[in-house]
Amino acid sequence: MKRFILALMFCLPIPSLAAETAKFVETPYTKQKVVFDFYFDHPEKINTALYWIRSWMKPLVESEKGYSIEDMDVVIIIHGTEIVTVAKKNYKKYKNAVERMRYYNSLGVKIKVCALAMKDFDYGIKDFHGFIEVVPSAMTEIA
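Reading guide: rules and limits
Residues numbered from 1 in each chain as written. Predicted model: local features only at pLDDT ≥ 70, side-chain atom pairs only at ≥ 80, totals over all residues. Heavy atoms only, no water. Phe/Tyr/Trp six-rings, centres within 6.5 Å; stacked < 30°, edge-to-face > 60°. Helix = DSSP H or I, 4+ residues; strand = E, 2+ residues; numbered from the N terminus. Buried < 20%, exposed > 50% of the residue type's maximum accessible area, 1.4 Å probe, protein only. Lys NZ or Arg CZ within 6 Å of the ring centre and 35° of its normal. Pairing = 2+ DSSP bridges. Core = buried A, V, L, I, M, F, W, Y, C linked by side-chain atoms within 4.5 Å. Contact = heavy atoms within 4.5 Å. Axes fitted to C-alpha atoms, helices over the stretch in contact; angles between N-to-C directions.

(A) Focus on the packing of aromatic side chains. Summed over all chains, the structure comprises six aromatic pairs. Both rings, one in F38 and one in W52, keep their centres 6.0 Å apart while their planes meet at 80 degrees; by these two values the pair is edge-to-face. With F38 in strand β1 (residues 33-38) and W52 in helix α2 (residues 45-61), the pair connects residues that are 14 residues apart, well separated along the chain. Taking the relative accessible area as the measure of exposure, F38 reaches 0% and is therefore buried. On the numbers, 5.9 Å between centres and 50 degrees between planes, the contact of Y103 with Y104 is tilted. Taking relative accessible area as the criterion, Y104 reaches 4% and is therefore assigned buried. Cluster of aromatic residues (ring-pair linked, three or more members): F38, F40 and W52. Here the basic side chain of R100 rests over the ring of Y51, its NZ or CZ set 4.4 Å away from the ring centre.

(B) Region of interest: the pairing of strand β2 (residues 73-78). In terms of burial, β2 is largely enclosed, as five of its six residues are buried. Note that β1 and β2 share six bridges and pair parallel. Bridge pairing in β2 links F36 to I76. One ladder, built from four bridges, connects β2 with strand β3 (residues 110-114); its direction is parallel. Pairing of I78 across the sheet is with V113, part of β3.

(C) Region of interest: the nonpolar core. Residues F38, W56, I76, I78, I83 and M101 are the most contacted members of the largest nonpolar core, which totals 41 residues. Of all the secondary structure elements, the ones that give two or more residues to this core are β1, α2, β2, α3 (95-106), β3 and α4 (115-120). Take this core: its biggest share by element is seven residues, from α2. The contact partners of W56, leaving out residues within four places of it in the chain, are Q32, V34, F36, I69, M72 and V74.

(D) Examining the sheet that holds β1 more closely. Taking strand neighbours across the sheet as the criterion, the four strands line up as β1-β2-β3-β4 in an open arrangement whose pairing is parallel. In this open sheet, the two edge strands, each paired with only one partner strand, are β1 and β4 (132-135). Ignoring which end each strand starts from, the neighbouring axes of this sheet average 25 degrees apart. Two elements, β3 and β4, share four bridges in a ladder whose sense is parallel.

In short, geometric facts, not functional conclusions.
Next up, the structure:
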């Protein structure tokens with residue numbers, strides 16, 4: 001009986017789904033509070049993640065309401081291997097990422113480093129650029 005039902009299902013005509021098309025929906029954005037959790041297995045991945053910030057900002061700023069990033073509450077929390085990107089001694093290697101984060105920070109985005117990860121990577125507070133805030137724990141901050 002099961003075979004008969006399965007065979008019948010595959011023999012029935014299926015309406016063409018190709019004729020359907022997607023719809024563009026204008027989302028009514030409101031002021032947002034956002035936390036971006038950065039925890040990568042390789043420091044270079046921070047570059048792609050920083051484009052997420054731009055992809056998040058652009059529709060808001062270009063919407064009918066024309067939000068400004070300064071009106072938003074945005075936090076980036078760093079607690080993986082990417083922590084090396086914000087260490088002063090690695091500036092040359094990660095200059096593009098650092099300068100992008102510095103720019104976002106100038107717009108009001110808070111960039112926070114987990115103190116537990118800081119210790120795991122053998123850094124101290126003085127090892128980071130001035131726009132970095134060190135917080136006790138990434139998980140506590142996210143919660």
